Amino acid sequence: MNKVILMGRLTRDPEVRYGGSSNMAIAKFSIAVDRRFKRDGEPTADFFNCTAFGKTGEFIEKYVHKGTKVVIDGELRNDNYTNKEGQKVYGMNIIANSVEFAESKAASQGYNAGAAGQQPAGSADTGADAGDDFMNIPDSVDEKLPFK
């Protein structure tokens, strides 16, 4: 079985072209996936090249851009070739079978504004860790929630 599930942010806008006999979308992009354990002197993320075909490629072209956090379900493929000097070059590529958003649009916009050193509009600095992916719910909303 060959199955890969990754969650990360696009490192650049996807490159999309149409080709093949059915003029299918082919989207190429890369994502940065944070490492679980970080050691001094080592990278804090791994970078993966990904390719999506057909409807998944069209989805990426329309809705996904640099900085978007996504979850990819796909397969790992060898991307080996022989260069001009006759040396074998080894590489890997993720073939994305499905791509889903890993955060809300508002959180994504907040990430992009935070990357520019700005605080997103309509947000307050509460001192809480913004990376926990949970939304603060005001106390006044307790009676409207279907759970406690």
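Residues numbered from 1 in each chain as written. Predicted model: local features only at pLDDT ≥ 70, side-chain atom pairs only at ≥ 80, totals over all residues. Heavy atoms only, no water.

A. Spatial organisation of the pattern of salt bridges. Applying the stated criterion to the full structure yields 7 salt bridges. Within the structure, one salt-bridge network assembled from shared partners comprises Arg35, Glu42 and Asp46. (Salt bridge = Lys/Arg side-chain N within 4 Å of Asp/Glu carboxyl O.)

B. Up close: the pairing of strand β4 (residues 45-53). In the sheet, strand β3 (residues 24-34) pairs with β4 via 9 bridges, with the strands oriented antiparallel. Bridge pairing in β4 places Ser30 opposite Asn49. Direction of pairing for β4 relative to strand β8 (residues 92-101): parallel, over a ladder of 3 bridges. When the bridges of β8 are listed, Thr51 appears paired with Ile95. (Pairing = 2+ DSSP bridges. Helix = DSSP H or I, 4+ residues; strand = E, 2+ residues; numbered from the N terminus.)

C. Local environment of the packing of aromatic side chains. Within the structure shown, the criterion is met by 2 aromatic pairs. When the centroid spacing of 5.3 Å and the interplanar angle of 45 degrees are considered together, the rings of Phe59 and Tyr63 count as tilted. Here Phe59 pairs with Tyr63, and both are found in helix α1 (residues 54-63), just 4 residues apart, close to one helical turn. On the basis of relative accessibility, which here comes to 24%, the residue Phe59 falls in the partly exposed class. Taking the relative accessible area as the measure of exposure, Tyr63 reaches 44% and is therefore partly exposed. Joined through ring pairs, the aromatic side chains of Phe59, Tyr63 and Phe101 make up one cluster. (Phe/Tyr/Trp six-rings, centres within 6.5 Å; stacked < 30°, edge-to-face > 60°. Buried < 20%, exposed > 50% of the residue type's maximum accessible area, 1.4 Å probe, protein only.)

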